[in-house]
Amino acid sequence: MSESQTRKQFVEDLTDQSDDFSRWYNEVVRKAQLADYSPVRGSMVIRPYGYGLWENMQRLLDRRIKETGHQNAYFPLLIPESLLQLEADHVEGFAPECAWVTEGGREKLEERFAIRPTSEAIIGHMYSRWIESYRDLPVLINQWANVMRWEKVTRLFLRTSEFLWQEGHTAHATQAEAREEVLRMLEVYRDFVENELAIPVYAGQKSDAERFAGAQDTFTIEALMKDGKALQAGTSHDLGQHFAKVFDITYQDESGQRQHVWQTSWGVSTRLIGALVMTHGDDQGLRLPPQVAPIQAVVVPIWRKAEDRSAVTEFVAKLRETLAGKVRLHVDDRDQHSPGWKYNEYEMRGVPVRLEVGPKDVAQQAIMSVRRDTRGKESIPLASIAERLPALLSEVQASLLQQARDFRDAQTVLLDSKEAVIAHFNEGKRGFAAVAWDGSAAFEAEIKEKAGATLRCMPSDLSRFGSLVRPESRVALFARAY
RNA sequence: CGGGGCGUAGCGCAGCCUGGUAGCGCACCUGGUUCGGGACCAGGGGGUCGGAGGUUCAAAUCCUCUCGCCCCGACCA
C-alpha cells in the first residue's frame, strides 16, 4: 500500500484536492471544526474555531472602517414589505430570495416583514428622517449584522441562507464625493484582504449585467481559488440617487436648494472564510494566515519518562510566560494523544507554527519550531523566542500571500478575442482570462452561454494588461466563478 | 429549479440483489503500559437502519410516498 492509502485509514484524513475539490472543502471545513451543518436547511453553525477567525477579521476590518471615519450602528432585522418595494430594481433583485415573517404571536400581521437580505431599504428610510441640511452630511455608518437570503443551493461559508457580514451605508452631498467613498472602501477591502488574509485580488468594476440590484455602479475585489474558480470577495456600490429618490432622502444645500443625497453601500461577509480555506488550503488541510489565525502557534510537549515530564512542563510554563501578549498561543498538553497525532491535527487545522518541546529542547534551552506553510524547521533559543517567533509568523504571512499571488498570476492569461476566451474555458482551463471588451452585453452573454464564464470585473490596475488596452474598449476579466 | 448520487453508532463504511431479531474500522469510556510524525494490550458503552405507509408469519433488505444531504448545470456575497 502506498503512503496515501495507508493514511486513508485515519478518520481525520481528507480527500485530496486534486481528487475532488468540493469534497475536500466540505471535509476540511467540518474536520477543522470551522463550521457544521445545522438542523435548519441551508444554515450552518459557525463553531468556535471558525468564529475566532471571523472575530479576528472583524477586529482588523473594523479598525480600518473606523479609521476612515465611519461609525457602527445597528438597524432592525425585519423590513416592512412596503419599504422594500419602493425601489423596483432592488426588490426585483431580492424578491426570489426573501424570507418573510407573516405572523406575530398568534396573529397574522397586516403587513408582512422581510428578514433583511440587505439593509438599503430600512437605512434609506431612516436617513430620510435624519438628513435635513448639507451640514448633516456625509453620513458614514457601518453595521455588523446577519442577513438572510433563501438560497436554493447552499455551501458552508460560500452560500448559506443566513450569513454574517458588515454593510456600510453612506450618504453624501455630491456625486463625486460618493464615488470617492466607493473607491476608498474598495481599497480598504483590497488592503485588508491582501494584507490580513493574504489573498491577492483583482479590484475593478462590475459590468451592468453583474452589478448589484439597484446600484448605479458596482465595484468588486475578485480572488482566485485553488481550483481555478473566481470568488467575489467584497463589493462596493455607487448607489447614485436611486435610493435617495425613492426614500426621499434630501438636504438643503448652502444656497437653500433641496437636493437628493448621493449614496454608497459596501460589504464583506463570512464568505471570506471560505475564500481563506480555498486560497491557502492544501491536501493536509487548512493553512491560516497568522494575522487572523485563532491560534498562531501551538505548543506540543513531548516526554518519555516522568522526570522528562516535569522538566518539559516547567519549560513550557516559561515559554508561555515569555510569549504572553505577543502571540496567540495554545498549549496542547493532553495525555490521550501522541505528539505525532497532534502534529497532524494542528496541520489540518492550519495553525501557522508548531512549537515542539521535548527533553532535547529543554537540555538546549530551545524550542523546535515547524512552520505550516513549508514545514521548515528551526530551533529557536528560549532567550530569543519572543523576538524570533513574531518574525517567523510575519514570514509565514508573507509567504502565503506570495504563494497565492504566484498561483493567481500563473492562472491569469491574456487573450485576444471572445472566441479565444470561449475556447480557453471549454478546454477545461480555469483561472482568469483577460480580454479587450467592446462593452457590449452580447459579447459578455455569449461567453457566459458558451463557456460558463462570467465577467468578473474590469480591473482598475491595468499595469499587467497593457497589451490589451485600446481606446475603444475596456479590459475585462472572465472566469468560472463561485 | 433541471440531471445524477447517497441516507445503517459521533465519523467512514459493509450488509440490501437472493427478507429470518445489525456488523467492521476509527472515535468514545475504564485500567495499565506508552509519547521526537497519526501508540499498544485487555475490558466496555452506544444504532426506533432518514421518516411515513404498504406487502409478508417475518422488512435495513421488496413496493409507494416523503424529507434531507452531496455532486454537476441555471441564479447569488
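Counted under the stated rule, the structure contains ten aromatic pairs. Between Tyr127 and Trp130 the ring centres are 6.0 Å apart and the planes differ by 40°, which places this aromatic pair in the tilted class. In this pair, Tyr127 and Trp130 both sit in helix 6 (residues 120-130), three residues apart, roughly one turn of the helix. Ring centres of Tyr189 and Trp266 lie 6.4 Å apart, and the angle between their planes is 70°; on these two criteria the pair is classed as edge-to-face. Note that Tyr189 is positioned in helix 7 (residues 175-195) and Trp266 in strand 14 (residues 262-269), a separation of 77 residues in sequence. When the ring centre of Tyr49 is taken as reference, the NZ or CZ atom of Arg349 above it lies at 4.2 Å. Across from the ring centre of Tyr202, 4.1 Å away, lies the NZ or CZ of Arg408, which sits over that ring.

Any two side chains of opposite charge can pair, given that their charged atoms come close. With the rule as written, the count across this model stands at 31 salt bridges. Here Asp332 and Lys342 are joined by a salt bridge, their closest N and O atoms 3.8 Å apart. Remark: Lys342 occurs in helix 11 (residues 339-348) and Asp332 occurs in the loop between strand 16 (329-331) and helix 11; sequence separation between them is ten residues. Asp332 sits in the buried class, given a relative accessible area of 2%.

Turning our attention to the confidence of the model for chain A. When pLDDT is low, close inspection of the predicted coordinates is not appropriate. Taken over all residues, the pLDDT of chain A has a mean of 92, while the share at 70 or more is 98%. When the criterion is pLDDT under 50, residues 1-9 qualifies, and its contacts beyond four places in sequence or with other chains add up to eight contacts. Our summary of model confidence lists the complex with pTM equal to 0.94 and ipTM equal to 0.85.

A separate point is the sheet that holds strand 10 (residues 217-224). Taken in spatial order, the eleven strands line up as 3-7-8-14-11-10-9-22-23-21-20 in an open sheet, and their pairing is mixed. At either margin of the open sheet sits one strand with a lone partner, and together these are strand 3 (71-72) and strand 20 (412-414). As judged from the ten bridges shared by strand 7 (residues 139-148) and strand 8 (residues 162-172), these two strands associate in the antiparallel manner. If you follow Asn146 over to strand 8, its bridge partner there is Leu164. Each of strand 21 (432-437), strand 22 (454-459) and strand 23 (474-479) touches helix 15 (residues 441-451); the most contacted strand, strand 21, lies at about 150° to it.

Here the focus is the sheet that holds strand 6 (residues 107-115). Working definition: the strands of a sheet are paired by backbone hydrogen bonds and lie parallel or antiparallel to each other. In spatial order, the strands read 4-6-5; together these three strands make up an open sheet with antiparallel pairing. The open sheet is flanked by strand 4 (78-80) and strand 5 (99-104), the only strands paired with a single partner. Within the sheet, the average angular offset between the axes of one strand and its neighbour, ignoring direction, is 50°. Direction of pairing for strand 5 relative to strand 6: antiparallel, over a ladder of five bridges. Opposite Ala99, over in strand 6, you have Ile115 as the bridge partner.

Helix length check: helix 10 (residues 306-323) (18 residues) gives 26 Å between terminal C-alpha atoms against 26 Å at 1.5 Å per residue, within 8%. Packing partners of the buried residues in helix 10 comprise strand 15 (297-301), strand 16, strand 17 (353-357), helix 12 (359-364), strand 18 (366-371) and helix 13 (385-410). With its phi angle positive at about 80°, Gly325 sits one or two positions after the end of helix 10.

Next up on the list: the nonpolar core. Nonpolar side chains in soluble globular proteins tend to be buried together. Counting 56 residues, the largest nonpolar core has Leu34, Met57, Phe157 and Leu197 as the members making the most contacts within it. Looking at which domains feed residues into this core, each of domain 1 (17-280) and domain 2 (297-391) supplies at least three. Aside from chain neighbours lying at most four places away, what touches Met57 is Phe192, Leu197, Leu272, Ile273, Leu276 and Val292. Ala114, Phe212, Phe243 and Phe247 belong to the second-largest nonpolar core, a separate cluster that totals 26 residues.

What follows concerns unusual backbone geometry. Most of the time, phi is negative for any residue but glycine, and the peptide bond is trans. Leu137 connects to Pro138 through a cis peptide bond whose omega is -5°. Within the element layout of this structure, Pro138 appears in the loop between helix 6 and strand 7. One non-glycine residue, Gln33, lies in the positive phi region at around 60°. Positionally, Gln33 belongs in the loop between helix 2 (21-31) and strand 1 (35-37). Positive phi outside glycine occurs at Asp248, with the angle close to 55°. Note on Asp248: relative accessible area 48%, which makes it partly exposed.

With that settled, the discussion passes to the packing of helix 2 against helix 9 (residues 271-280). Packing of helix 2 against helix 9 leaves a shortest axis separation of 11 Å and a crossing angle of 120°. Put simply, helix 2 runs oblique to helix 9. The handedness of the crossing between helix 2 and helix 9 is right-handed. In contact with Phe21, Trp24, Tyr25 and Val28 of helix 2, helix 9 contributes Gly274, Val277 and Met278. Each residue belonging to the contact of helix 2 with helix 9 can be placed in one class, and the counts come to six nonpolar, one polar and no charged.

Reading the values: rules and limits
- Residues numbered from 1 in each chain as written.
- Chains lettered and ligands numbered in written order.
- Predicted model: local features only at pLDDT ≥ 70, side-chain atom pairs only at ≥ 80, totals over all residues.
- Heavy atoms only, no water.
- Phe/Tyr/Trp six-rings, centres within 6.5 Å; stacked < 30°, edge-to-face > 60°.
- Helix = DSSP H or I, 4+ residues; strand = E, 2+ residues; numbered from the N terminus.
- Lys NZ or Arg CZ within 6 Å of the ring centre and 35° of its normal.
- Salt bridge = Lys/Arg side-chain N within 4 Å of Asp/Glu carboxyl O.
- Buried < 20%, exposed > 50% of the residue type's maximum accessible area, 1.4 Å probe, protein only.
- pLDDT = per-residue confidence, 0-100.
- Contact = heavy atoms within 4.5 Å.
- Pairing = 2+ DSSP bridges.
- Axes fitted to C-alpha atoms, helices over the stretch in contact; angles between N-to-C directions.
- Expected span 1.5 Å × (residues − 1).
- Core = buried A, V, L, I, M, F, W, Y, C linked by side-chain atoms within 4.5 Å.
- Domains from an automatic or database assignment.
- Parallel < 35°, antiparallel > 145°, perpendicular 65-115°, else oblique.
- Left-handed = near helix turned anticlockwise from the far one by under 90°.
- Nonpolar A, V, L, I, M, F, W, Y, C, P; charged D, E, K, R; others polar.

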